[in-house]
Amino acid sequence: MRQLMLGNKAAARGLYEAGCSFISSYPGTPSTEITEEAAKYPEIYCEWAPNEKVALEAAFGASLAGTRSFCGMKHVGLNVAADPLYTLSYTGVNAGLVIAVADDPGMHSSQNEQDSRHHARASKVPMLEPADSAEALRFAKLAFELSERFDTPVLLRMCTRVSHCQSVVETGDRTLPVKEYKKDPKKYVMMPGYAKLRHPVVEERTKKIAAWSESSDVNTVEIGTQRPEVRIITSGTSYQYVKEACGDTFSVLKLGLVWPLPDSLIRSFVRDAQSVIVVEELDGFIEEHVRSLGIQCVGKELFPPVGELSQSVVAAKLLFKSAETLSVYENIPARPPVMCAGCPHRGLFYTLKSIGCTVLGDIGCYTLGATAPLAAVDSVLCMGASVSSIHGFNKVLGEKSEHNTVAVIGDSTFMHSGMTGLANIAYNQTNSTVIILDNSITGMTGHQQNPTTGFNLRGDPAGKIDLEALCRAMGFERVRVIDPYDLEQCDRVIREELAVSAPSVIISRRPCALLKYVKHKPALRVDHDMCIGCESCMAVGCPAISIRDGQAVIDANQCVGCSLCSQLCPVGAIGGEE
Amino acid sequence: METKNIMIVGVGGQGSLLASKLLGRLFLDRGYDVKVSEVHGMSQRGGSVVTYVRYGDRVASPIIDRGQADFIVSFELLEAARWLPFLKPGGVVVTNTQRIDPMPVIIGAAEYPEGLTDKLRSSGARVDAMDCLAIAERAGSSKAVNIVLLGRLSHYFDFDEADWMSALEAVVPPKFLEMNKKAFALGKEAGNN
C-alpha cells in the first residue's frame, strides 16, 4: 500500500520486514522513533538499554544467539557504543546486526555536529545512507542481507531530514531468517592471538564489500540532459537538494553505500568530466576519498562543513541563482525553547541561581537551565560529564569550590553514564554535591522509560532501580530527597549539603509536568487589587506569566498551578481559584 | 505540476503536527508525491517550530527555503513575521492573530512588535489574518485552532470539500469529528480580505 511514512518509521518497517526480532537502543533525537515504531510490532522484542554501549552489546548477544538484531542511537551515542563497534567489526556476526546512527546537521537537538561516517571508516564497518523514507525501508532490509553475506555489523546512517521527514513508501511482507548458535572462539573471543587472525579478514572484507558495491544498484548514476560533462557526486539528503535545485541538468552519482566507496565506479563516472563537484553535508568525507584517487574535484570550498545544506545553497553555488524574499524589517524577538509551565526543573534552577552556585550541567531538558532568566548553568559537555567533571573541578579548587558547586543530572542520564562518575567521587574522594533531577522519565526525547521508572519500553511493569539505595551502596552517606516545587526546602537542603565537608547526593524528585498521569492543580490567578507590579514572580522564567500594564498576568491555558510564582510574591497576590 | 510549498509555523506545543498530517493525507489521496518535514526534540519546548509540507509530481528536497513558500500557515502572529522571508513573492500568509510572548519579551529583554498584521501587509505579502482562538472556541474547543487555519487555507485550493473532509476524518478521532468540521467551516468563512 502506498502511504506517507516518517523516515524513522520506514526504517522500523524495514527492520520488521527483514525479520529483525531483537532491538536494544537508547533514545536520542533524531533516532528515537525507529525503536518506538518497531515496538508497535508485537513480533519484535524491543527495549531501552541504559546506554548505547549496553544496547549494542545486547544486540551483539542476540545476533550471536541467531536472531537478526538492531540497535539505534543518535550520532553522539555512537561514541559511547564505539568500544563494542570497533571490535564487533573483527568478530563479525552470526545473524545479521544493524546499527542505525542518526546525525543532526544544523544541531536541531544536539550538542555537536559530528559526522558519523568517520566511525564507519575507522571501525571498518560498511555504512548505508538512505535519502528518503522509501530508501530507509529498503536499506534497512539490505543492511541485514549485507551483514550476513559479508559477516559484519552494518551501519545505517540516518539524519534529521530523513528521520523526521514523511515521504511515500510501499510496504512488503516479513520474512524470518533464523540461525543456530555455534561456539567459535577463534571468531568471537577477541584476545590478541585470535584478534590477529581476524584483522586480515576485516581488511579483505572491506575490499569485497567495495567490489560488491561497484556493480550494485545501491549506488546510482544519472546522466545530465543539459550539461552532462559536469559530474556531481553526492549522497543522502544532499542528493535531494541537488535534484531540487538542478533537476536533470548535470550528471549525478548518488552513493547509497558511503563506506567503503566504489573506486572504479567513481573513476569511470568522472572520465572526461569538465568539472567534478562533491555535494555533501558536514565533513568532506567523500571529497577526500575522491581526491585520494588522484581526481581533481571541488567540495568544501563551495559547501561549508558547518550546518545543513538546502536547495538554495546548492542553487546559489551551482547555478548562481538566489531567491527574492519579503521581510517586515523589524526586530523579531527570538523564541528559544524554554522549560514548560510547571516543569519541576524550574524551582531547582531558581534555587541554584539564588544561592549563586557554580553548576556543572548535563544533557536533557534541564540543559535549558542555561537560558535566561535562570542562566544558572556553567558547563554542558556530554552525557554524564556533570558528575565526572565536578570531581576534577573540586579536586583542583578544594575548599574554594566545594561549598558552592553542584553537578546536576537527570535520572535517565544518570543511569546512562552518571553512575561511573559517582563511583569516582566515592572512590577518589571529593566533597562534591551531586543533584539528580528525577522527573521519572526521559524527557527531552519525548518520554521514554528508563531503569528508574519501573516500566519498560512498552509501558509494562519492569525492574526499578532505587536511586537512594544505589547511591548509599556506592558509599554516599548523605542522600537527601527534595521536592522542587518547595522553594524553601530546596534552598535549605542544598545549602546544608554544600556546607558539609562530605560528598552528598540530593535527589530532586517530581514527575515531568507533561506526563499523562500527573494531575495538575487549577491555574493560579493574580489578584489585581494586590499586585504591586514588582515582577518578583518573573524571576522563575515561566512561560505562563507575563507583565501587562504594569501587573502580572497568568495564562490559564498554560498554568498548571505549580505555585513557584506565588511562593515568590511578597504581597500574596497570586493564589488559586476562589 | 510544479511543486507547491506550504509552511506551518507556530510555537512548540500548538498542534501543528495534526495540521501537517491532514495536509499530507489530502495530497497523497489526490495522487501527488508528498514530503512533510517536522521538528522533534529540544526546539519543541515552547520554541519557534516549523513544518514543511511539499507536494507535486516529484518532490525531492524535504525542506522549503527562503523565498519558496506558496503559503505560510501561522499559529501565532510573531511567527508569521519571523518566517515571512520564506514566502514566495505573491504568496499568501494565513495567520492566527493570537499573541504568545516569547521568553525574551516575558523577561523584558525584547519587545513584541506592535501592528504586525499591517506590517505583514505592507511587506507586499497577501495576508489573511483572523482570531483563530476565538473561532475555535466558538466551534467548541480552543484546541481546534489548527483546523480553523486549515479551513481558511482550503479557500485557496480548488479541491472538493469532500476531499478535505475525508482527510479530516482520517486524522481526527471520531468523537471530535463534528467539532472539527465546524471549526473547519467557520475558518473557511472567516477570512478578512
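Because the structure is a prediction, the values reported are computed rather than measured.

Draft legend 1. Quick peek at the overall build of chain B. Helix and strand counts for chain B stand at eight helices and six strands. If you list the helices and strands of chain B from N to C, you get β-α-β-β-β-α-β-α-α-β-α-α-α-α. Its C-alpha radius of gyration of 16 Å places chain B within 12% of the 16 Å reference for a compact globule of 193 residues. Its C-alpha atoms put chain B at 50 × 40 × 35 Å along the principal axes. The proportion of buried residues among the 193 residues of chain B is 65%. Looking at chain B alone, contacts between residues at least 24 apart form 65% of all its contacts between residues at least 6 apart.

Draft legend 2. Structural view of the interface of chain B and chain A. Contacts between chain B and chain A engage 60 residues on the former and 58 residues on the latter. Taking both sides of the interface into account, the surface hidden between chain B and chain A amounts to around 4,800 Å²; carbon and sulfur atoms contribute 59%. At the boundary of chain B with chain A, the tally comes to four salt bridges. With its nearest N and O atoms 2.4 Å apart, the salt bridge here joins A:Arg335 to B:Glu79. Our enumeration of links across chain B and chain A arrives at 20 residue pairs in polar contact (both at pLDDT 80 or more). Among the secondary structure elements, those contributing two or more residues to the side of chain B that touches chain A are helix 1 (16–29), strand 2 (33–37), strand 3 (48–56), helix 2 (77–83), strand 5 (87–96), helix 3 (103–106) and helix 4 (116–122) of chain B. Among the elements that make up the side of chain B that touches chain A, the one with the highest residue count is strand 2 of chain B (five residues). Counted by class, the side of chain B that touches chain A contains 30 nonpolar, 14 polar and 16 charged residues. Taken together, the three bridges between strand 8 (residues 165–170) of chain A and strand 2 of chain B define a ladder with antiparallel strand orientation.

Draft legend 3. Just the packing of helix 16 (residues 385–397) of chain A against helix 18 (residues 411–428) of chain A, in detail. Residue and element names in this part refer to chain A. Close contact between helix 16 and helix 18 brings their axes to 7 Å; oriented N to C, the two are set at 30°. Between helix 16 and helix 18, the angle is such that the two are roughly parallel. Together, Val 387, Ser 388, Ile 390, His 391 and Lys 395 of helix 16 and Gly 418, Gly 421, Leu 422, Asn 424, Ile 425 and Asn 428 of helix 18 make up the contact between the two elements. Each residue belonging to the contact of helix 16 with helix 18 can be placed in one class, and the counts come to four nonpolar, six polar and one charged.

Draft legend 4. Representation of the confidence of the model for chain B in the model. Overall, the prediction assigns chain B a mean pLDDT of 93, with 96% of residues at 70 or greater. Within chain B, the lowest mean pLDDT, 92, falls on helix 3 of chain B, and the highest, 98, falls on strand 4 (residues 69–74) of chain B.

Draft legend 5. Broad picture of the domain arrangement of chain A. All names here are of chain A. Its domain assignment divides chain A into domain 1 (2–215), domain 2 (220–318), domain 3 (345–509) and domain 4 (525–575). Here domain 1 and domain 3 have C-alpha centroids that lie 33 Å from each other. Between domain 1 and domain 3, the contact holds 20 residues from the first and 16 residues from the second. The contact between domain 1 and domain 3 buries some 1,300 Å² in all, and 56% of this surface belongs to carbon and sulfur atoms. Looking only at domain 1, the three residues that lose the most surface to domain 3 are Tyr 26, Trp 48 and Gln 111, adding up to 37% of its buried area. Joining domain 1 to domain 3, the criterion identifies zero salt bridges. Connecting domain 1 to domain 3 are seven residue pairs in polar contact (both at pLDDT 80 or more). Secondary structure elements with two or more residues in the side of domain 1 that touches domain 3: helix 2 (32–38) and strand 3 (45–48). If you tally residues by element for the side of domain 1 that touches domain 3, the top one is strand 3, at four residues. For the side of domain 1 that touches domain 3, a count of residues per class yields 11 nonpolar, six polar and three charged.

Draft legend 6. Looking closely at the sheet that holds strand 15 (residues 405–410) of chain A. Residue and element names in this part refer to chain A. Read across the open sheet, the five strands follow the order 14-15-16-18-17; overall the sheet is parallel. Since the sheet does not close on itself, it has two edges, and those belong to strand 14 (358–360) and strand 17 (478–482), each with one partner. Across the sheet, the axes of successive neighbouring strands diverge by a mean angle of 25°, strand direction being ignored. In the packing of helix 20 (residues 487–499) onto the sheet, contacts are made with strand 15, strand 16 (433–438), strand 17 and strand 18 (504–509), and the angle to strand 17 comes to roughly 165°.

Draft legend 7. Just the pairing of strand 8 of chain A, in detail. All names here are of chain A. The element strand 8 is extensively covered by neighbouring structure, given that five of its six residues are classed as buried. Both strand 1 (residues 2–6) and strand 8 contribute to a ladder of five bridges, which runs antiparallel. Considered in strand 8, the bridge of Met 5 is made with Ser 167.

Draft legend 8. Up close: the environment of B:Ser48. Mapped onto the elements of the fold, B:Ser48 is located in strand 3. Residue classification places B:Ser48 among the buried residues on the basis of a relative accessible area of 18%. Sequence separation between B:Ser48 and B:Ile107 is 59 residues, and the spatial gap between their C-alpha atoms is 17 Å. In contact with B:Ser48, other than residues within four places in its own chain, are A:Arg335, B:Gly10, B:Glu79, B:Arg82 and B:Trp83.

Draft legend 9. Summary view of the packing of aromatic side chains. Per the counting criterion, the structure on display carries 16 aromatic pairs over all chains. Between B:Phe157 and B:Phe159 the ring centres are 5.6 Å apart and the planes differ by 35°, which places this aromatic pair in the tilted class. The burial state of B:Phe157 is the same as that of B:Phe159; both residues are buried. Joined through ring pairs, the aromatic side chains of B:Phe27, B:Tyr32, B:Tyr55, B:Phe71, B:Tyr156, B:Phe157, B:Phe159, B:Trp164 and B:Phe184 make up one cluster. A cation over a ring is seen here: A:Lys254 above A:Tyr239, with NZ or CZ 5.6 Å from the ring centre. One cation-aromatic arrangement involves B:Arg99 over B:Tyr112; the distance from NZ or CZ to the ring centre is 4.3 Å.

Draft legend 10. Seen up close, a nonpolar patch on the surface. Residue and element names in this part refer to chain A. A grouping of Phe 393, Val 396 and Leu 397 is seen on the molecular surface, where their side chains present a nonpolar patch of about 260 Å² in accessible area. Structurally, Leu 397 can be placed in helix 16. Residue Leu 397 is classed as partly exposed on the basis of its relative accessible area of 31%.

Draft legend 11. Up close: helix 1 (residues 7–17) of chain A. All names here are of chain A. Here helix 1 lies mainly inside the structure; 10 of its 11 residues are buried. When we look at burial in helix 1, the residues that qualify are Gly 7, Asn 8, Ala 10, Ala 11, Ala 12, Arg 13, Gly 14, Leu 15, Tyr 16 and Glu 17. Looking one or two residues beyond helix 1, the residue adopting positive phi is Gly 19, at roughly 85°.

Draft legend 12. Structural context of unusual backbone geometry. All names here are of chain A. Here the bond from Thr 29 into Pro 30 is cis, since omega is 10°, no more than 30 degrees from zero. A positive phi angle is found at Glu 535, which is not glycine, with a value near 65°. In this fold, Glu 535 is placed in the loop between strand 19 (525–526) and strand 20 (545–548). A residue is classified by how much of its surface remains accessible, and Glu 535, at 42% relative accessible area, is partly exposed.

Draft legend 13. View of the sheet that holds strand 9 (residues 220–222) of chain A. All names here are of chain A. Judged by pairing direction, the sheet is mixed, and its four strands sit side by side in the order 9-11-10-13 without closing on themselves. Edge positions in the sheet fall to strand 9 and strand 13 (275–279), since each has one partner strand and no second. Direction aside, the axes of adjacent strands within the sheet are offset by 20° on average. Across three bridges, strand 9 lies against strand 11 (residues 250–255) in antiparallel orientation. Bridge pairing links Thr 220 to Lys 254 in strand 11. Those strands touched by helix 11 (residues 236–246) are strand 9, strand 10 (227–235), strand 11 and strand 13, and its axis lies near 150° from that of strand 10.

Calculation rules
- Residues numbered from 1 in each chain as written.
- Chains lettered and ligands numbered in written order.
- Predicted model: local features only at pLDDT ≥ 70, side-chain atom pairs only at ≥ 80, totals over all residues.
- Heavy atoms only, no water.
- Helix = DSSP H or I, 4+ residues; strand = E, 2+ residues; numbered from the N terminus.
- Rg over C-alpha atoms; globule rule 2.2 N^0.38 Å.
- Buried < 20%, exposed > 50% of the residue type's maximum accessible area, 1.4 Å probe, protein only.
- Contact = heavy atoms within 4.5 Å.
- Buried area = accessible area lost by both parts, 1.4 Å probe.
- Salt bridge = Lys/Arg side-chain N within 4 Å of Asp/Glu carboxyl O.
- Polar contact = N/O pair within 3.5 Å; in protein donor to acceptor, adjacent residues only side chain to side chain.
- Nonpolar A, V, L, I, M, F, W, Y, C, P; charged D, E, K, R; others polar.
- Pairing = 2+ DSSP bridges.
- Axes fitted to C-alpha atoms, helices over the stretch in contact; angles between N-to-C directions.
- Parallel < 35°, antiparallel > 145°, perpendicular 65-115°, else oblique.
- pLDDT = per-residue confidence, 0-100.
- Domains from an automatic or database assignment.
- Phe/Tyr/Trp six-rings, centres within 6.5 Å; stacked < 30°, edge-to-face > 60°.
- Lys NZ or Arg CZ within 6 Å of the ring centre and 35° of its normal.
- Patch = residues over 30% accessible without salt bridge, like charges linked within 9 Å, V, L, I, M, F, W, Y side chains within 5 Å.
- Areas by Shrake-Rupley, 256 points an atom, 1.4 Å probe, with all protein chains shown as cover.

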